[in-house]
Amino acid sequence: MTAAHILGFPRIGAKRELKLALEAYWRGEIPERELSSVGRGLRERHWQCQRDAGLDLVTVGDFAWYDSVLQTLAHLGCVPGRFGFDPRSLTLPQYFTLARGDASHPAMEMTKWFDTNYHYLVPEWNADTRFEGGVDWLLQEAKEAGELGHAVKVALPGPLTLLHIGKIKAGLSHKLDLLPRLVPAYRRLLASIKALGVPWVQIDEPILGLDLDERWLAAFRPTYEALGPSSPKILLATYFESVAEHEALLKSLPVSGIHLDLVRGPQQLAAFLDGYPESKVLSLGVVDGRNIWRVDLDKALASLNQAHDRLGERLWVSASCSLLHVPVDLDHEKTLDPEIRGWLAFAVQKLDEIAALKQGAGRDTQAIAPALMASREAAASRRRSERVLSDAVRRRLDALSERDTRRPSPFAARIRKQRARLKLPLLPTTTIGSFPQTPEIRKARAAFKKGAVGPEEYAEAMRAEIRQAVARQEALGLDVLVHGEAERNDMVEYFGEQLRGFAFTENGWVQSYGSRCVKPPVIYGDVSRPSPMTVEWTRYAQSLTEKPMKGMLTGPITMLQWSFVRDDQPRSKTAFQIALALREEVLDIERAGIAIIQIDEPALREGLPLKKRDWARYLDWAVRAFKLVSSGVADETQIHTHMCYAEFNDILPSIAALDADVITIETSRSDMELLEGFGEFRYPNEIGPGVYDIHSPRVPDAGEMLKLLEKAERVIPLERLWVNPDCGLKTRGWPETEAALARMVEAARRMRARVPQSARAPA
Ligand code: GLN
Ligand code: ZN
């Protein structure tokens, strides 16, 4: 039977019900019983949505209290030993301690799930890691769904992916050494699922989209041979990349079906159709699980029909990956421009698309004629909408040349002129941009958005914040000041709201980690800048002080990476449009007399493709987009960039190619380890390694920071070093911020005092 199904549904709730319940529970306001019932209610609602849409199987196992990798570890009876919990009787409070830590246990580490903005908890692998017992939550959920009369498919991260995404902590030479212990645990779990009468399990192995070495590849067959006999029928799911190079391996595995992501890897279909085994179903992900555009039904049907000719009823229809990465329901968007709204599909709408595609695949499309018509109309409206295309933007981009992405002089010449202009001391002190977003700031913004406060009154409230921030920085003795970013709700949203081509949703929340959600903007059209976005704030801040004031911008790649991006042109093209708008902003800031402009790119690395062979192309356009923003200024204007919370050592040449005069990076958590890469690589420009972690209210003493500076000096010459925190301070309170910065300034002074006057680099 051709089946329509999904790999997973967002668990957070259309109104973030799970977030609210979790946070109330953590504050002790509701008992566990109440939290459980919110979770159950959400699961029931989401299964019903799938059933109502006409899907043939509902997916169980996509629900998690905090994270699905952690949830899987709980099912398998594997929790890091350092917490001292018994995995056979793990309680919900203990589960949350694993995720969030407590006074005596740092939380499990968190990192991004492949190239998404979803963060999972990283399994900790040790020589003594065991998989014993485990909670029965998944079995209960499968039972719940069965009792509601649903046809159930249970979804789980696969054993090889689980091992691969974990981190070796101690005493283990290879992650695969744990496989002989892990496989029996999966067998037990799968057998109990089978005992409930569940016909299908979906086992996700997205690592198949990475560059895998022989040892990992060779582990697939024995693993799945071992799982098969005790398990319900297995649908092996791959996503986020083409797995065409593993076509022979996948076809030969003893599983009952394979899922392919045809959005990311449309070309792979042909390779799989050729000689696809008679015994297997093939699930095709033709609806985009990573973006919010309506599917083009005609195009999707073309692929499905081609597959149907070969496979008949063994064809399954799905979204490319779990719908976890898109918001829940477009029906809750009341203020979105109706034209733009007509182009979008959130998770609930995607269920209808999948159901319609199943109905239409391989058949006369009469039955889905209304859906087809609506899809064609939406596509046509998007193609010809004036909101989407701007001739002016396109003309300006076409007129650009290589000259526009290069500073007038090389760094050595620029820095001389900048030093002469700025007259900064050795080891200049600065911050990354934002200062505490106090409840008063948030209150003022909320009142302004509601219309309770007029624009002039709001602007005056923000100016008052700037005055305070400047006065505090002067009192602290910092060398390069910032205005504090009080007026910015979010570093992408603030710019998006002022640019053409961006739209914002009311409820377009996507889970980022635990109870945290983000609401990415939608880039639907050519991007341009109707008027300056930051100039007045920065100019005002500069008018209050003799010290240099930094202008602050979010870079084009970060804007792109943290938005839903249009799918009707290459990402690079959208990046260049954003870059062009930001370039104009940079030039306006420079014209206002500002000598230093910072362009933040914390998400540069996130945009890297999953396969190394595609890195160079991405890095090439990403670097060019940044340089388009930064290269229009005079030599005397100093360009800074900032990056944080990622592994940067393997893209150092590209970071250097940005040719920012100064880069500030987060390094204190790794004890300056990151900086060693910069030293070895001989990073040529100036660099400000973070000397303290901004994630905790803890105030380190000057001695600690001094030690980090000494470490930094071993790899970067003193005259090219800056002194700053790891990242922006918006999540902190003022008392700890002032205390920490005072000690940071103190550390810089002590370090300077050691350098004989005569040895200092001339300006
Ligand atoms: N300028 C931003 C801030 O200080 C940078 C934030 C970031 O790196 N994520 O908040
Ligand atoms: Zn940062």
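The structure this text deals with has already been given above.
Our subject in this report is the structure included herewith. (Residues numbered from 1 in each chain as written. Chains lettered and ligands numbered in written order. Predicted model: local features only at pLDDT ≥ 70, side-chain atom pairs only at ≥ 80, totals over all residues. Heavy atoms only, no water.)

### Some remarks on the overall build of the protein chain
Let me state the cut-off plainly: Secondary structure elements follow DSSP: runs of H or I of four or more residues count as helices, runs of E of two or more count as strands, with numbering from the N terminus. Based on C-alpha atoms, the radius of gyration is set beside the globule rule, defined as 2.2 Å times the residue count to the power 0.38. Throughout this description, buried means an accessible area under 20% of the type-specific maximum (1.4 Å probe, protein chains only), exposed means over 50%, and partly exposed covers the range between. Any pair of residues with heavy atoms lying within 4.5 Å of one another is described as a contacting pair. Every accessible area reported is derived by Shrake-Rupley at a probe size of 1.4 Å, with residue values counting cover from the shown protein chains alone.
Of the regular secondary structure elements, the protein chain holds 27 helices and 21 strands. Against the 2.2 N^0.38 benchmark of 27 Å for 763 residues, the protein chain shows a C-alpha radius of gyration of 27 Å, consistent with a compact globule. Its C-alpha atoms put the protein chain at 80 × 60 × 50 Å along the principal axes. Counting every position in the protein chain, which comprises 763 residues, the buried fraction comes to 61%. In the protein chain, once contacts between residues fewer than 6 apart in sequence are set aside, the share between residues at least 24 apart is 78%. Carbon and sulfur atoms provide 50% of the accessible area of the protein chain, an area that totals close to 29400 Å².

### A look at the packing of helix α22 (residues 571-591) against helix α23 (residues 615-630)
Where we set the bar: Think of each axis as a best-fit line through the C-alpha atoms, taken over the contacting stretch in the case of a helix, with angles from 0 to 180 degrees between the N-to-C directions. These descriptions rest on fixed angle ranges, namely under 35 degrees for roughly parallel, over 145 for roughly antiparallel, 65 to 115 for roughly perpendicular, and the rest for oblique. Helix crossings get a hand from a simple test, with the near helix turned counterclockwise from the far one by less than a right angle marking a left-handed crossing and a clockwise turn marking a right-handed one. Basically, the charged four are Asp, Glu, Lys and Arg, the nonpolar ten are Ala, Val, Leu, Ile, Met, Phe, Trp, Tyr, Cys and Pro, and anything else, Gly included, counts as polar.
Where α22 contacts α23, the axes come no closer than 7 Å and their chain directions differ by 20°. Taken as axis vectors, α22 and α23 run roughly parallel relative to one another. Crossing handedness for the pair α22 and α23: right-handed. Note on element contacts: α23 touches α22 through W621, R624, A625, K627, L628 and V629, opposite R571, S572, A575, F576, A579, L580, L582, R583 and V586. Within the contact of α22 with α23, the residues separate by chemical class into 10 nonpolar, one polar and four charged.

### Describing the nonpolar core
The following threshold applies: The definition of a nonpolar core used throughout is a set of buried Ala, Val, Leu, Ile, Met, Phe, Trp, Tyr and Cys residues joined through side-chain atoms within 4.5 Å.
By size, the foremost hydrophobic cluster in this structure holds 147 residues, and its most contacted members are Y95 and L284. For this core, the leading source of residues is helix α7 (residues 179-195), giving eight residues. Beyond its immediate chain neighbours, meaning those up to four positions away, L284 contacts H259, L260, L262, L269, L304, A307, L315, W316, V317 and S318. With 106 residues, the next largest nonpolar core counts I589, L619, I687 and M744 among its residues.

### Observations concerning the sheet that holds strand β8 (residues 200-204)
Put simply, the rule reads: The pairing criterion is simple: DSSP has to find at least two bridges between the two strands.
One open sheet accounts for eight strands, arranged β1-β12-β11-β10-β9-β8-β6-β2; its pairing is parallel. Looking at which strands have only one partner, the edges of the open sheet turn out to be β1 (3-4) and β2 (58-60). Along the sheet, α7 makes contact with β6 (152-157) and β8, crossing β6 at roughly 165°.

### Brief notes about the site of ligand 1
Quick note on the threshold: The criterion for a residue being near a molecule or strand is simple. One of its heavy atoms has to lie within 4 Å of it. The definition of a polar contact used here is a pair of N or O atoms within 3.5 Å, where within protein one atom must be able to donate a hydrogen and the other to accept one, and adjacent residues in sequence count solely through side-chain atom pairs.
As a structural note, the neighbourhood of ligand 1 is formed by I432, G433, S434, E485, M491, D600, P602, H642, C644, C727 and G728. Taking D600, its side chain carries an N or O atom lying 2.6 Å from a nitrogen atom of ligand 1. One nitrogen or oxygen atom from the side chain of H642 is found 3.1 Å from an oxygen atom belonging to ligand 1. Contact with the protein chains removes 92% of the 290 Å² of surface that ligand 1 exposes when unbound. Of the residues assigned to the shell around ligand 1, the class counts are five nonpolar, four polar and two charged.

### Brief notes about the packing of helix α3 (residues 68-76) against α7
Close contact between α3 and α7 brings their axes to 9 Å; oriented N to C, the two are set at 85°. The angle between α3 and α7 places the two elements in the roughly perpendicular class. Residue-level contacts link T72, H75 and L76 of α3 to L182, A185, Y186 and L189 of α7. The class makeup of the residues in the contact of α3 with α7 is five nonpolar, two polar and no charged.

### Details of the pairing of strand β11 (residues 281-287)
The side chains of a regular strand alternate between both faces of the sheet. The condition is simple: Here, the term right-handed applies to a crossover whose path from the first strand over the helix to the second runs clockwise when the strands point away from the viewer.
Extensive coverage of β11 is indicated by the burial of seven of its seven residues. As paired elements, strand β10 (residues 257-261) and β11 share five bridges and run parallel to each other. Paired with H259 across the bridge in β11 is S283. Between the parallel elements β10 and β11, the chain passes through helix α10 (residues 268-273) in a crossover that is right-handed. Bridge count for β11 against strand β12 (residues 315-319) is five bridges, and the pairing is parallel. Counterpart to L282 in the pairing with β12 is L315.

### Considerations on the coordination of the zinc ion (ligand 2)
Heads up, the rule is: Because water is not among the atoms used, a metal site may look incomplete, as its donors are only the N, O and S atoms within 2.8 Å, or 3.2 Å for Na, K and Ca. Geometry is assigned from the angles between donors: four donors with all angles from 85 to 135 degrees make a tetrahedral site, four or six donors whose opposite pairs exceed 155 degrees while the rest stay between 65 and 115 make square planar or octahedral sites respectively, and everything else is labelled irregular.
Distances from the zinc ion (ligand 2) to its protein donors, namely H642 (NE2), C644 (SG) and C727 (SG), fall within the range 2.1 to 2.3 Å. In this structure, the zinc ion (ligand 2) is coordinated by four donor atoms arranged in tetrahedral fashion, with angles at the metal of 95 to 123°. The sequence motif formed by the donor residues of the zinc ion (ligand 2) is H-x1-C-x82-C.

### Some thoughts on helix α18 (residues 455-476)
The line we're drawing: Helix span, expected: 1.5 Å multiplied by one less than the number of residues in the helix. Arc definition: it is the arc formed by the directions from the helix axis to the C-beta atoms.
The end-to-end C-alpha distance of α18 is 31 Å, a good match for the 32 Å that 22 residues give at a rise of 1.5 Å each. Buried residues of α18: Y458, A459, M462, E465, I466, A469, V470, Q473 and L476, and no others. Along α18, the residues classed as buried sweep out an arc of 135° about the axis, all on the same side. For α18, exposure combined with an orientation more than 90 degrees from the buried face picks out E456, E457 and A475. On its buried side, α18 packs onto α17 (439-450), α20 (535-543) and α27 (734-753). Phi turns positive one or two residues past the end of α18, at G477, with a value near 85°.

### Considering the environment of A369
Tracing the sequence through the fold places A369 in helix α14 (residues 369-384). On the accessibility criterion, A369 (29% relative accessible area) is partly exposed. Note: C-alpha distance between A369 and G171 (198 residues apart in sequence) is 61 Å.

### Details of the pattern of salt bridges
Heads up, the rule is: Here, a salt bridge means any Lys or Arg side-chain nitrogen found within 4 Å of an Asp or Glu carboxyl oxygen.
Overall, the coordinates contain 56 salt bridges when judged by the stated rule. Measuring nitrogen to oxygen at the nearest pair gives 3.7 Å for the salt bridge that ties E144 to R40. In this pair, E144 sits in helix α5 (residues 137-147) while R40 sits in helix α2 (residues 32-53), placing the two residues 104 residues apart along the sequence. Ionic pairing is found between K112 and E606, a salt bridge with its closest N-O pair at 3.0 Å. Separated by 494 residues along the polypeptide, K112 in strand β3 (residues 110-112) and E606 in the loop between β18 (596-600) and α23 bring together distant segments of the chain. Of the residues examined, K112 reaches a relative accessible area of 23% and is grouped as partly exposed.

### Some words on the environment of S37
Mapped onto the fold, S37 is located in helix α2. A sequence separation of 673 residues divides S37 from E710, and the C-alpha atoms of the two residues are 54 Å apart.

### Side note on the sheet that holds strand β20 (residues 662-665)
Strand order in the open sheet made by the five strands is β17-β18-β19-β20-β21, with parallel pairing throughout. The outermost strands of the open sheet, each flanked by one partner alone, are β17 (550-554) and β21 (686-689). Looking at each pair of strands side by side, their axes are set apart by 20° on average, direction ignored. Against the sheet, helix α25 (residues 673-681) contacts β20 and β21, and its axis sits at roughly 155° relative to β20.

### A closer look at empty space enclosed by the protein
Note the following rule: Definitions used throughout: a 1 Å grid over protein atoms alone; a cavity as a set of points that fits a 1.4 Å probe which cannot get out; a pocket as an open set with protein on both sides within 12 Å along at least five of seven lines; a lining residue as one with an atom within 4 Å of a point. Grid points are joined across faces, edges and corners, and a volume is the space filled by probe spheres set on the points.
Across all of its chains, the model carries seven cavities of 30 Å³ or more by this definition. In this structure, the largest cavity spans a volume of roughly 250 Å³. Lining the largest cavity we find 22 residues, and of these S68, D204, Y239, S322 and L324 sit closest to its centre. Every element with two or more residues in the lining of the largest cavity is listed here: α3 and β6. No other element matches β6, which puts three residues into the lining of the largest cavity. Residues of the lining of the largest cavity, tallied by class, amount to 13 nonpolar, five polar and four charged.

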